[in-house]
Amino acid sequence: MAFDEQKQDFKVLGTRPDRPDGLDKVTGKARYGADAYIPGMLHGVIVRSPHAHARIVKIDASKALAMKGVKAVVTRADFADGQTGEDWNVMENCMAGEKALYDGHAVAAVAATSALIARDAAKLVEVEYEVLPHVTEVNAAMTEGAPVIREGAADYSVPDGMHPNVVRYIEFGHGDLEKGFEAADVVREQTYATEATHQGYIEPHACLAQMGSDGRGEMWVCTQGHWFIRRMSAVCLGIEVSKLRVTPSEIGGGFGGKTTVFIEPVALALSRKANRPVKMVMTRSEVLRATGPTASASMDVKIGMTKDGKMTAGKAVFRMQGGAFPLAPVDSALACAFACYDIENVQHEGYDVMSNRPKNAAYRAPGSPMAAFAVESLVDEMCRELSLDPIEVRLMNAAKEGTKSSSGPTYPRIGLVETLEAAKAHDHYSAPLGPNQGRGVASGYWMNWGGETSVSLALSEDGSVTVSVGTPDIGGSRASIAMMAAEAMGIAYEDVRVNVVETGALGVNEPTHGSRATFASGLATIKAANEAIGKLCQRAADAWGIDAEAVVWEDGHAKPSGPNAGEFPPMSIGEICAEMGSTGGPISGHFEATPNGYGGSFGTHIVDVEVDPETGRTTVLRYTVVQDAGKAIHPAYVEGQFQGGAAQGIGWALNEEYIYGEDGRLQNTVFLDYRVPVASDLPMIDTVIVEVPNPGHPYGVRGVGETGITPPLPAIANAVAEATGARLRSLPMSPPRILKAMKG
Amino acid sequence: MVEVHLWSSLRRFADGQESVEIEGKTVGEVLKNLAAAHPGLAPAIEAGAGLTVDGTFLGSGRNHVLDPEAEVFLMMRIKGG
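Residues numbered from 1 in each chain as written. Chains lettered and ligands numbered in written order. Predicted model: local features only at pLDDT ≥ 70, side-chain atom pairs only at ≥ 80, totals over all residues. Heavy atoms only, no water.

Caption draft 1: The overall build of chain B, seen in detail. When you go through chain B residue by residue, the secondary structure sums to three helices and five strands. Relative to the 2.2 N^0.38 estimate, which gives 12 Å for 81 residues, the radius of gyration of chain B is 11 Å and therefore close to what a compact globule would have. Dimensions of chain B, computed from the C-alpha atoms along their principal axes, are close to 35 × 30 × 20 Å. By the burial criterion, 54% of the 81 residues in chain B qualify as buried. (Helix = DSSP H or I, 4+ residues; strand = E, 2+ residues; numbered from the N terminus. Rg over C-alpha atoms; globule rule 2.2 N^0.38 Å. Buried < 20%, exposed > 50% of the residue type's maximum accessible area, 1.4 Å probe, protein only.)

Given below as structure tokens:
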């Protein structure tokens, strides 16, 4: 879907109005997942495996059921069976069947009249385990002799002879690799590693489920995608999808981790068994042990470069473990690895590996931060070796419109060069550095997504507008969608209200994922507004007794247009809507599609750090994000997305990691030990919004939510290398690791 | 006829060819005919592999009418968080 006549002149877009959810959030009125309440509701608690890998021999719930206040216990036998593929994976992850596959895996659940009773009762559920050998590290998991997580899990892509824990194999590329490396003056190859990190959303998973004896159910839940929750829950319960109605709450962060189910089918199963509503709220420990972090990665990268910085060949071999199920994001990691570069000879190889860890979930540009860490670190190493400017080298090799991308297809209009030029011109790039300080630069990419989308736009009697969308607002999409509706309708932002509605109110909507909400729901809103405008023009034409084709819509008014239209005073949207009940009935617009014109977004980051040579502690002194937004609808929200991505990337680079003991159990299950960056760890993150319009959106919008987390990992590693002279190729760059690297 | 370029890990299911000529006016027809002509590709298509047309992945655009001159790749579906 290309838009030849892309709108350029905006009245509402580019302004910074108040956010519609701001007052509720700062006054505590916003209702999150744990705020749901129904009289008579029970509280559910999950019994979790203390073993990384164990056969479930027997579950005895008799003591728990004998406790006063306990109303139900469920195990896997209380769910449907017969699922296949990813449906089976989701079911197995929500409630273990024959084996517990990781520390924290759910094996049973209890519902009781209070959360305290449910917690006590959960301790009385007796589970007999046969402990099995485990493996949690990706390279170990694919080595001969490693414990097999599950036989027969590999798909069509895995060639014969690989370990059963390798479940997908990916290979793609183009050109002649050997010839490319021969043409280089310098060829370097290094191995990089990143640990699994968690999305770290502040709000733990929470839901309230109610299943009636008629087989119909309802759920209130914090989620990025309530249609996904509905379908996955229905599959686990063995009921028709339409039997469930799911309403999303306000959401306290998701970053991809709330696009799937964990407790939701369990709450429904407990409710079905107890015939009472059941509320479940995860603890932070449960969130870290049993929801989806991202994958850990082991990556080999080889690059050939001429002395003046031209890249002649690139090769990436990535191994990722995504827990005890398939779908570590190794495919997207590889697709992003060399995406910033125009390289004639490039080759990618990837291994998706299972281990005894929780099932990985999406995390902001899944796979791309790891890929950027490996490739952008090696590019920096070679720039330093050849005494070349890292931005000049990236400009020399930059992908642009017409470049054959590293994954094959030719790029449409993209904005990488513009971000590099803006970074080069920024005063940050030439600012002086002090002792023990270093500067790092890196670029990154995310391809974005469209997805199934359905939107309705309804006009009120006074001409104000209500937009119903199905994409939960995790980053300001209600504001951006209201602004696009106001722009299209020619009315004020304050005259538009956007509601995120439940599953019964619209057709299927994919979650807010893939940086798609502002792009896809925004596009659908503009189309729905145009449909409503057509109806408004028809009403005016009827009133004037002329053809609708002779009416134009400008600034919220219908106006006669053309030589034969006649002379009539403009009719405002309010005037038309005040009469709509007697001129044909309600006026609304609707649009549904799976828009495919999502445009990828590139970014370039600059960071200055200072490393304490005695403690190894890294202080981030200055940080600048430059990223292509296509068109920034609400610039403050775009800046917020840039800053949020950088903050999460800084945490990933410096401190965050999943630490497993020799027993295969997660060692750091609270925020005291799993250290996300807090405000005092971060400088004010500067932002530069580059606008290279996306040809696939009527206003030029590109998704901006994910790209910002990709460059920080290598940018900080590159800065630490300059500050210390030590190159760290394994994350996180915690103080002990930096000290060790500095000592050689 | 549409020329469909194959990701290299998929080429072994099409006799090692870098690209194949397939009949079909729409994305859906081409995918169906691809699976029929090269049955080894069927599991990949069932698992979500789809066509990227002129730089845009059309995994959910089976009714999209293809321009015979379009650049077409069979790729895996990739999405984010």
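Caption draft 2: Expanded view of the overall build of chain A. The helix and strand tally for chain A stands at 20 helices and 26 strands. Relative to the globule expectation of 27 Å for 744 residues, the C-alpha radius of gyration of chain A, 27 Å, shows essentially globular dimensions. Summarising its shape, the C-alpha atoms of chain A cover approximately 85 × 75 × 50 Å along the three principal directions. Out of the 744 residues in chain A, the part that is buried amounts to 63%. For chain A, long-range pairs separated by at least 24 residues make up 79% of all intrachain contacts whose partners lie at least 6 apart in sequence. Accessible surface computed for chain A: about 26,700 Å², of which carbon and sulfur atoms make up 50%. (Contact = heavy atoms within 4.5 Å. Areas by Shrake-Rupley, 256 points an atom, 1.4 Å probe, with all protein chains shown as cover.)

Caption draft 3: Summary view of the interface of chain A and chain B. Contacts between the two partners involve 38 residues from chain A and, on the opposite side, 27 residues from chain B. Of the roughly 2,400 Å² buried between chain A and chain B on both sides combined, carbon and sulfur atoms contribute 59%. When the buried surface of chain A facing chain B is broken down by residue, Tyr156(A), Trp449(A) and Asn596(A) rank first, second and third, together holding 30% of it. Summed over the shared surface of chain A and chain B, the number is zero salt bridges. Our count for the contact surface shared by chain A and chain B stands at seven residue pairs in polar contact (both at pLDDT 80 or more). Of all the secondary-structure elements, those providing two or more residues to the side of chain A that touches chain B are β7 (166–174) and α10 (330–337) of chain A. No other element matches the five residues that β7(A) contributes to the side of chain A that touches chain B. Class assignment of the residues belonging to the side of chain A that touches chain B gives a composition of 17 nonpolar, 15 polar and six charged. (Buried area = accessible area lost by both parts, 1.4 Å probe. Salt bridge = Lys/Arg side-chain N within 4 Å of Asp/Glu carboxyl O. Polar contact = N/O pair within 3.5 Å; in protein donor to acceptor, adjacent residues only side chain to side chain. Nonpolar A, V, L, I, M, F, W, Y, C, P; charged D, E, K, R; others polar.)

Caption draft 4: Layout of the sheet that holds strand β21 (residues 557–560) of chain A. Residues and elements named next belong to chain A. Pairing is antiparallel across the open sheet formed by three strands, whose spatial order is β20-β21-β22. The sheet is open, and its two borders are formed by β20 (551–554) and β22 (571–572), each paired with just one other strand. Across two bridges, β21 lies against β22 in antiparallel orientation. Each bridged residue has a counterpart across the sheet, and for histidine 557 the counterpart in β22 is serine 572. Across the sheet, helix α16 (residues 517–544) lies against β20, β21 and β22, angled at about 130 degrees from β20, the strand it touches most. (Pairing = 2+ DSSP bridges. Axes fitted to C-alpha atoms, helices over the stretch in contact; angles between N-to-C directions.)

Caption draft 5: Representation of the sheet that holds strand β4 (residues 99–100) of chain A. Residue and element names in this part refer to chain A. With antiparallel pairing, three strands are arranged side by side in an open sheet as β4-β2-β6. Here the strands that pair on one side only, and so sit at the sheet edges, are β4 and β6 (126–131). Strand direction decides the pairing type here: strand β2 (residues 54–60) and β4, joined by two bridges, are antiparallel. From the neighbouring strand, arginine 55 faces β4, where its bridge partner is lysine 99.

Caption draft 6: View of the packing of aromatic side chains. Residue and element names in this part refer to chain A. Under the criterion given, the structure shown has 14 aromatic pairs over all chains. Judged by centre distance (5.3 Å) and plane angle (75 degrees), the rings of phenylalanine 10 and tyrosine 699 are edge-to-face. In this pair, phenylalanine 10 is assigned in the segment before α1 (22–26) and tyrosine 699 in the loop between β26 (685–690) and α19 (712–724), connecting sequence segments 689 residues apart. The burial state of phenylalanine 10 is the same as that of tyrosine 699; both residues are buried. Chaining the aromatic ring pairs together yields one cluster made of Tyr411, Tyr445 and Phe602. The ring of phenylalanine 181 is capped by lysine 302, whose NZ or CZ atom sits 4.5 Å from the centre of that ring. (Phe/Tyr/Trp six-rings, centres within 6.5 Å; stacked < 30°, edge-to-face > 60°. Lys NZ or Arg CZ within 6 Å of the ring centre and 35° of its normal.)

Caption draft 7: Representation of the environment of Phe13(B). Tracing the sequence through the fold places Phe13(B) in the loop between α1 (8–11) and β2 (19–22). In this structure the C-alpha to C-alpha distance between Phe13(B) and His38(B), which are 25 residues apart in sequence, comes to 6.6 Å. In this structure Phe13(B) touches Tyr156(A), His38(B), Gly40(B) and Leu41(B), once residues within four positions along its chain are discounted.

Caption draft 8: A look at the environment of Pro613(A). All names here are of chain A. Mapped onto the elements, proline 613 comes out in the loop between β24 (601–611) and β25 (618–628). Judged by its relative accessible area of 44%, proline 613 is partly exposed. Sequence separation between proline 613 and alanine 153 is 460 residues; the distance between their C-alpha atoms is 48 Å.

Caption draft 9: Examining the pairing of strand β18 (residues 465–469) of chain A more closely. All names here are of chain A. Among the five residues in β18, four count as buried, and that is most of the element. For strand β17 (residues 453–459) and β18, the ladder comprises four bridges, and the chain directions are antiparallel. Following the sheet pairing, serine 456 is matched in β18 by serine 468. A loop of five residues connects β17 with β18, the two strands running antiparallel in sequence, and glycine 463 in this loop sits at a positive phi of about 90 degrees. Here five bridges tie β18 to strand β19 (residues 496–500), and the two strands are oriented parallel to one another.

Caption draft 10: Fine view of the nonpolar core. Counting residues in each nonpolar core, the largest one holds 118 residues, and the members touching the most others are Phe318(A), Phe338(A), Met733(A), Val4(B), Leu34(B), Leu51(B) and Leu74(B). It is helix α11 (residues 368–385) of chain A that provides the largest number of residues to this core, a total of nine residues. Among residues more than four places away in sequence, those in contact with Phe318(A) are Ser298(A), Met299(A), Asp300(A), Val301(A), Val330(A), Ala333(A), Leu334(A), Ala337(A), Glu349(A), Gly350(A), Tyr351(A) and Ala371(A). If you look at the next biggest cluster of nonpolar residues, it comprises 56 residues, including Ala479(A), Trp553(A), Ala565(A) and Tyr598(A). (Core = buried A, V, L, I, M, F, W, Y, C linked by side-chain atoms within 4.5 Å.)

Caption draft 11: Main features of the packing of helix α15 (residues 477–489) of chain A against α16(A). Residues and elements named next belong to chain A. Orientation of α15 relative to α16, taken along the N-to-C sense of each, is 30 degrees, at an axis distance of 9 Å. Taken together, α15 and α16 sit at an angle that is classed as roughly parallel. The hand of the α15/α16 crossing is right-handed. Contacts between α15 and α16 involve Ser477, Ser480, Ile481, Met484, Ala485, Ala488 and Met489 on the former and, on the latter, Ala517, Thr518, Ser521, Gly522, Thr525, Ile526, Ala529, Ile533 and Leu536. (Parallel < 35°, antiparallel > 145°, perpendicular 65-115°, else oblique. Left-handed = near helix turned anticlockwise from the far one by under 90°.)

Caption draft 12: Spatial organisation of the side chain of Arg727(A). All names here are of chain A. For arginine 727, the position within the fold is in the loop between α19 and α20 (735–742). Here arginine 727 falls in the buried class, since its relative accessible area comes to 16%. Within polar-contact distance, the side chain of arginine 727 engages the side chain of aspartate 380 at 2.8 Å.

Caption draft 13: Highlighting the pattern of salt bridges. Residues and elements named next belong to chain A. If you walk through the whole model with that rule in mind, you get 44 salt bridges over all chains. With a closest N to O distance of 3.8 Å, lysine 7 and glutamate 487 form a salt bridge. Placement of the pair is lysine 7 in the segment before α1 and glutamate 487 in helix α15, with a sequence separation of 480 residues. With a relative accessible area of 32%, lysine 7 lands in the partly exposed category. Residues glutamate 722 and arginine 384 are paired through a salt bridge, measuring 2.9 Å at the closest nitrogen-oxygen approach. Here glutamate 722, found in helix α19, pairs with arginine 384, found in helix α11; they are 338 residues apart in sequence, far enough to count as distant. We classify arginine 384 as partly exposed; its relative accessible area is 33%.

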